[in-house]
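Each chain, letter by letter, is given below.
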Amino acid sequence: MRCHKVPSASVRAEKNRCARNCFLCPLCRNTLSVVPSDPPEPEDPRLSPIATSTIGEPPFFLYCNFCRWDSADVGIVFDKPTGLAVQLQKYEDSAPDTLEFERLKEHFEQFIRVSNAVASNHPTGSNHMNSITAAASSVLSRDIPGVAKYSGRKSKSDKHNNRDEVPPYRSRFEAGANGILGQGGGENDVSFLATLEDISEVQTLEQRSISKFSDNSVTVPSDLRPLRIPLHSKKSKRCPSCRHILIKPEQKAQSVKYKIKLVAVNYLPAITVTLPSFAPPAPTLDKLKRSLTAKQNPEDEKTGPFQMQAGKTYPFHIALTNPLYDLITVKLSVQRTAQPTGKRPAFAVSLPAAAFPIAAYAEAWEYEDDDEMFDNETDDIDELLEMRGLSPPEREVRAKTRNKTVGVLEKKANTTVIGGEVVIGKDGRGDVKFNMLVSYTYRSDDIGSSEVEGGASKTPKALALETKTFSFYTVVDLGVIVPKDESGSNI
Amino acid sequence: MPPIKDKFTIHSKAVVCQDVDLKGDITIGAGTVVHPKATILAIGPIVIGQNCIVEESAIIVNRRKEIMRIGDDNLFEIGCRVESPSIGNANTISTRARLHHTVRLTSYCVVGPGCLVAPIQDETFEDFTVVYGASSEYRLWSGRGKVQEMDLRRKHAEYLREMLPKFNRLRRGDNA
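What you are looking at is a predicted structure, and each value in this text was computed from that prediction instead of being measured.

Asker: So what exactly am I meant to see when it comes to the pairing of strand β12 (residues 347-350) of chain A here?
Answerer: Remark: a regular strand shows side chains that alternate across the two faces of the sheet. All names here are of chain A. The two faces of β12 match: F347 and V349 on one face and A348 and S350 on the other face are all buried. Of the pairings in the sheet, the one linking β12 to strand β15 (residues 415-424) comprises four bridges and is antiparallel in character. Residue V349 lies in a different strand from β15, and its bridge partner there is V422.

Have a look at this one:
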């Protein structure tokens, strides 16, 4: 029921929480609904005909549809189903925590006023120094009795002498007196906890931390009060380098739409990784199209935890789909991860090193003749890439299989499928996961469409006048390595 | 194991869609609604009472020899799986909840969405038990609002009895 625009003045007054009828369940944090009481129960509910209508009879109470908590449990009922927050206000305002907080605020108010005046005399102060942080920092830098003074600080404090004078604060109750007043934390709670048998008899830490204005004992769940729903705000985001608005939500509170929504996924090639030896068919165009329309995150290419055996070689396919209306040229490279000295990498990945094109995206595809399959440019394979970590027999295996698996495998519409290969070391362990740098270049017709800046991972480089190059890192997760000795039986 | 012999006894006022998977000795009471794609597997007999609602892809299984009795006004939501040997009245098994054969429900129990109830030892939930949350916590409901909920349940079932036959073929009992 987050449904209203709240003026900022009342946001502050209401402590950032909803002042209407919206409440959270203190047990499970679901939204509570206001329900009328049951009509008097018929003698045999099963024989009674369907009641004509349930009349909204007072008293009303708050009810959680999820865990069936209701506010009548803690003695909160209402005569009318509107303006509940006002009716509950008295519980909150009389809570000792609230009173104590008010008192603290009062205590520091004049101090803040003074430091405000000082701050206005020194306009050079950084902009994150508001009155409250200023007050806090000066309190923090106060001398602690019995602790040796920091020599460099003295002269500074002389300058702001008036800011450092805070009269000692006296709380409403002495700490530890709560137990005597029956407010938890005292003997009663100790004896309660001593006889505790079931963990569900005490409030969880989460419940305690969100119910700041709870009263009395904070240990028994039956004492929890409904919580006013925290207010939420909608934020728009700007590009850190050019201040262009990237996303801007609609003003209306109910709407979940965006007025402006420039997300990277619309500009980055969508990447899908498959292992042909595990997944039955290679990804079809249909699938890829669907993944494109579904705005699949290119980072989200994990297709499942494939189990790979140590010491084997697996080919894999990377399908890249171009979302742009221009042809792009893509270059993939594997980031070499720093290995601890003396340790061989668990696996080695080879990818075609040459750049390859991906056709532009078009609304309606004319399925003419598909581009002829690319010749595998095996010469361009980065021989050195990860070879160092492999033993001679592994290298041989790789040399044999490489010709068939590594390179551009298929080009269809705006999708190009690339073959890669992963060689898993004899004693490899863990996840087969590697960082891949994807850089792509395209020639844009209009200069105006350069809204691609944004994501922190992208590093725009102005190459030529019209060509643009972008690059980003992505993590490719191929699967897990099953140690050979453990899985040897079921090969 | 001998093959399961099918014997369906469906009350004339029950609404059981054609596209349900029934197997074994099953008795369905008056006013009960079984949506298409539901599965009821009776290795031992299953007796379902009146005005229950079994939604799509719900699975009710009795693996034991004894009769599995399900009372009146129970709601089995989409994709739940129930193997409890005995279920009372007016219980709600929410979407994708799972109940093992070790648990018995009495009345007015609520098993929340996605909850797994699989006690190691046999357990009987007392009236108004509520299971909720990701870790399937238990608590007792005060019972306030149950009349309204039952009212809603009745209307729900009545609406389904009216609407489902318009769009689905119905299944009749053996002797109807």
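Asker: Would you mind going over the pattern of salt bridges with me for this structure?
Answerer: Two side chains with opposite charge may pair up if their charged atoms get near one another. Per the stated rule, a full pass over the model turns up 12 salt bridges over all chains. E149(B) is the salt-bridge partner of R68(A), the closest N and O atoms lying 2.4 Å from each other. Of this pair, R68(A) sits in the loop between β3 (57-64) and α2 (84-93) while E149(B) sits in helix α1 (residues 146-167), which puts the two residues in different chains. With respect to burial, R68(A) and E149(B) carry one shared label: buried. Put simply, E83(B) and R81(B) hold a salt bridge, and the shortest N to O gap is 3.1 Å. Classification of E83(B) as buried rests on a relative accessible area of 11%. With a relative accessible area of 29%, R81(B) lands in the partly exposed category. Residues joined by salt bridges that share partners form a network here, namely D70(A), D73(A), R139(B) and R144(B).

Asker: I tried to follow the interface of chain B and chain A on my own but got confused; where do I start?
Answerer: Often the size quoted for an interface is simply the accessible area lost on bringing the parts together. Contacts between chain B and chain A engage 22 residues on the former and 23 residues on the latter. Around 2,000 Å² of area is buried between chain B and chain A when both sides are counted, 49% of it from carbon and sulfur atoms. Across the contact surface, chain B and chain A share four salt bridges. In this structure, the connection of chain B to chain A is made through 12 residue pairs in polar contact (both at pLDDT 80 or more). Among the elements of the structure, β18 (129-132) and α1 of chain B are those that each provide at least two residues to the side of chain B that touches chain A. Top contributing element to the side of chain B that touches chain A by residue count: α1(B), with eight residues. Its residues assigned to classes, the side of chain B that touches chain A comprises six nonpolar, six polar and 10 charged.

Asker: Looking at this structure, how should I read the sheet that holds strand β6 (residues 245-249) of chain A?
Answerer: Each strand in a sheet pairs with its neighbour through backbone hydrogen bonds, running either in the same direction (parallel) or in the opposite one (antiparallel). All names here are of chain A. Pairing is antiparallel in the open sheet, where three strands are placed in the order β5-β6-β7. At either margin of the open sheet sits one strand with a lone partner, and together these are β5 (237-238) and β7 (258-261). In this structure, β6 lies alongside β7, joined through three bridges in antiparallel fashion. Bridging from a neighbouring strand, P249 pairs with Y258 of β7.

Asker: Would you explain the side chain of R171(B) in this entry?
Answerer: Residue and element names in this part refer to chain B. Along the chain, R171 turns up in the segment after α1. At 6.5 Å, D21 is the nearest oppositely charged side chain to R171, a buried residue that forms no salt bridge. Looking at R171, its side chain comes within polar contact range of the main-chain oxygen of Q18, at 3.2 Å. Here V20 takes part through its backbone oxygen, which lies 2.9 Å from a polar atom of the side chain of R171. Filtering out sequence-adjacent residues up to four positions away, R171 remains in contact with F8, I10, V16, C17, Q18, V20 and L22.

Asker: Just checking my understanding: could you explain the environment of V482(A) for this structure?
Answerer: Here V482(A) lies in strand β18 (residues 467-482). Once the C-alpha coordinates of V482(A) and G430(A) are considered, the two residues, 52 residues apart in sequence, prove to be 7.9 Å apart.

Thresholds applied
- Residues numbered from 1 in each chain as written.
- Chains lettered and ligands numbered in written order.
- Predicted model: local features only at pLDDT ≥ 70, side-chain atom pairs only at ≥ 80, totals over all residues.
- Heavy atoms only, no water.
- Buried < 20%, exposed > 50% of the residue type's maximum accessible area, 1.4 Å probe, protein only.
- Helix = DSSP H or I, 4+ residues; strand = E, 2+ residues; numbered from the N terminus.
- Pairing = 2+ DSSP bridges.
- Salt bridge = Lys/Arg side-chain N within 4 Å of Asp/Glu carboxyl O.
- Contact = heavy atoms within 4.5 Å.
- Buried area = accessible area lost by both parts, 1.4 Å probe.
- Polar contact = N/O pair within 3.5 Å; in protein donor to acceptor, adjacent residues only side chain to side chain.
- Nonpolar A, V, L, I, M, F, W, Y, C, P; charged D, E, K, R; others polar.
- Lys, Arg positive; Asp, Glu negative; His and termini not counted.

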